[in-house]
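# Results of the structural survey
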Protein chains: 2
Amino acid sequence: MDFLTTKLTLDTIRQELVRLEDSIIFALIERAQFARNANIYSANYFESMGFTGTFLQYFLHEIESVHARVRRYTSPDEYPFTKNLPDPVLPPLQFPQLLAPNAINVNDQLMSIYLTNIVPLICTDADDSNYGSAATKDVDALQCLSRRIHFGKFVAEAKFNGPEHDRYVALIKAQDRDGLMELLTNVDVEKRLLARLRRKALVYGQEIEEQDKEVSEAHLRIPLDVVSNMYERYVIPLTKEVEVEYLLARLQHVDKA
Amino acid sequence: MDFLTTKLTLDTIRQELVRLEDSIIFALIERAQFARNANIYSANYFESMGFTGTFLQYFLHEIESVHARVRRYTSPDEYPFTKNLPDPVLPPLQFPQLLAPNAINVNDQLMSIYLTNIVPLICTDADDSNYGSAATKDVDALQCLSRRIHFGKFVAEAKFNGPEHDRYVALIKAQDRDGLMELLTNVDVEKRLLARLRRKALVYGQEIEEQDKEVSEAHLRIPLDVVSNMYERYVIPLTKEVEVEYLLARLQHVDKA
């Protein structure tokens, strides 16, 4: 990412997070045009054709393999869902060392939340046989959500280097998980975020005809509250979990970052 | 596509085309967040690393190979940009025979238009080193646009079977290209389409903050007229070219469709 070449401030990170909200909403709207197609998430269905795992796992691994070859996962803001990915075919890019070394990857949790608590809310519970199309949109949505959540690492690093540095150091030394969670939580920011998401879901989710008309819930392609509820219940908590995990190990690498 | 399992009417086709407009606009907005990155379209750049062709061609072929394996291109509304794609790993779906057999594929023209007349209008003329991200969004946009344009085949088939059937047959027998173009053109429909696109670009393209505010061009992520101009100058003409080509050969297959 371009912003990774600039100095990491909460303001540049925030701009990127706000922009990512749009990508996430677009991806969910795109997914919602297809039925749920439960077969693509069922190991039984796909294994009957001689594969291991689900159709989505197979498809995700194939796409991540293509992306790995063009060095997607060498970028500090990109984390794969699948393992055994090939090496890049492109020469490595030099990224500035913005983060302390870490192996935090919460994509397994994200996948479980996505399949259980998001797809059923935006898709009709039916099978329209568009397995490839649905899986393509799943991959888009999962990749955006993963990027959003792992941005917690940048948020945490910026907060660690900010005005509360000494308080963070003390809490990390005490390995005080709850204290860290409290210090990094900004209720006002979260409230504004949720309000903005409702507004975005209303505007971007509407079906548009030629004539001007009032924006109403009647013409939305995903339920109005799905996005803000998803952020409140899952995206924000998982992001903060990434932040806390990152911070708990942050002092092991004082000299490196 | 689900709608392909239902009877083909101009109304069901229109709904799908209107929905596709949103996907195309979303894809262009997503592409616009990255710089143009001219290197990904330059054969010289990528061939210096030992590859043949451009980075986009390489990436597109890799992605289309994954999609071919999950049988994307067995669907009568999907057409690949690259050649030498692998066979599907999934058993074939049975599609109803909605179209007369044909080999029309205008993706080479679309690619040239996209790179010359669309990308430069929505991206800053710079290099932000996000080659993989930019190419991913290029693929999304190209696939949506290709699907939209090749839908001309369904439009043509529906018109051929509609109230003007006899006039189409006469023009086809005379191989009257201009006459066909005139008969299938509906100026009113095109005007409404362009008006709707301007409205969509205005609504979907806006940056949204917490507070209500007037929609204005100042906060759009792609220039307001890019989408409607693109449709007027390229998408509609190419779609109609597909329609005419399809119709010119339509009587060779009277019994098959």
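Please refer to the structure higher up on the page.
None of the values given here were measured: they were computed from a predicted structure. (Residues numbered from 1 in each chain as written. Chains lettered and ligands numbered in written order. Predicted model: local features only at pLDDT ≥ 70, side-chain atom pairs only at ≥ 80, totals over all residues. Heavy atoms only, no water.)

This part takes up the overall build of chain A. Across its full length, chain A carries 10 helices and zero strands. Reading chain A from its N end, one meets helices and strands in the order α-α-α-α-α-α-α-α-α-α. Relative to the compact-globule value of 18 Å for 257 residues, chain A shows a C-alpha radius of gyration of 20 Å, a close match. C-alpha extents for chain A along the principal axes are approximately 55 × 50 × 35 Å. Counting across all 257 residues of chain A, residues that qualify as buried make up 55%. Counting contacts in chain A only where the partners sit at least 6 residues apart, residues at least 24 apart contribute 74% of the total. Here chain A has roughly 11400 Å² of accessible surface; of this, 50% comes from carbon and sulfur atoms. (Helix = DSSP H or I, 4+ residues; strand = E, 2+ residues; numbered from the N terminus. Rg over C-alpha atoms; globule rule 2.2 N^0.38 Å. Buried < 20%, exposed > 50% of the residue type's maximum accessible area, 1.4 Å probe, protein only. Contact = heavy atoms within 4.5 Å. Areas by Shrake-Rupley, 256 points an atom, 1.4 Å probe, with all protein chains shown as cover.)

So, about the side chain of D128 of chain B. All names here are of chain B. Here D128 shows up in the loop between α4 (107–122) and α5 (131–150). Notably, D128 is buried but unbridged: the nearest opposite-charge side chain belongs to R31, and the N-O separation is 6.4 Å. A polar contact is formed between the side chain of D128 and the backbone nitrogen of A35, at a distance of 2.8 Å. (Lys, Arg positive; Asp, Glu negative; His and termini not counted. Salt bridge = Lys/Arg side-chain N within 4 Å of Asp/Glu carboxyl O. Polar contact = N/O pair within 3.5 Å; in protein donor to acceptor, adjacent residues only side chain to side chain.)

At the junction of the two partners, chain B supplies 50 residues and chain A supplies 50 residues. Carbon and sulfur atoms make up 57% of the surface buried where chain B meets chain A, a total of about 4500 Å² over both sides. Inspection of the chain B/chain A interface yields six salt bridges. Between E62 of chain B and R69 of chain A there is a salt bridge; the shortest N-O distance is 2.5 Å. Going through the elements one at a time, α1 (10–32), α3 (55–69), α5 and α9 (187–204) of chain B are the ones with two or more residues in the side of chain B that touches chain A. Looking at the side of chain B that touches chain A, the element that brings in the most residues is α3 of chain B, giving eight residues. (Buried area = accessible area lost by both parts, 1.4 Å probe.)

Screw-axis analysis of chain B against chain A gives a translation of 0.0 Å along the axis, an RMSD of 0.0 Å, and a rotation angle of 180 degrees. What the rotation and shift describe, once combined, is the action of a two-fold rotation axis. Considering only C-alpha atoms, the residue of chain B closest to the rotation axis is Y204 of chain B, which sits at 2.7 Å. Both copies share a contact surface, since 100% of the interface residues of chain B are interface residues in chain A too. (Least-squares fit on C-alpha atoms with pLDDT ≥ 70 in both.)

Next up on the list: the side chain of S146 of chain B. All names here are of chain B. Note on placement: S146 falls in helix α5. For S146, a relative accessible area of 2% translates into the label buried. For S146, the side chain forms a polar contact with the side chain of N107, separated by 2.7 Å. Once residues lying within four places of it in the same chain are set aside, the contact partners of S146 are Y79, F81, N107 and L110.

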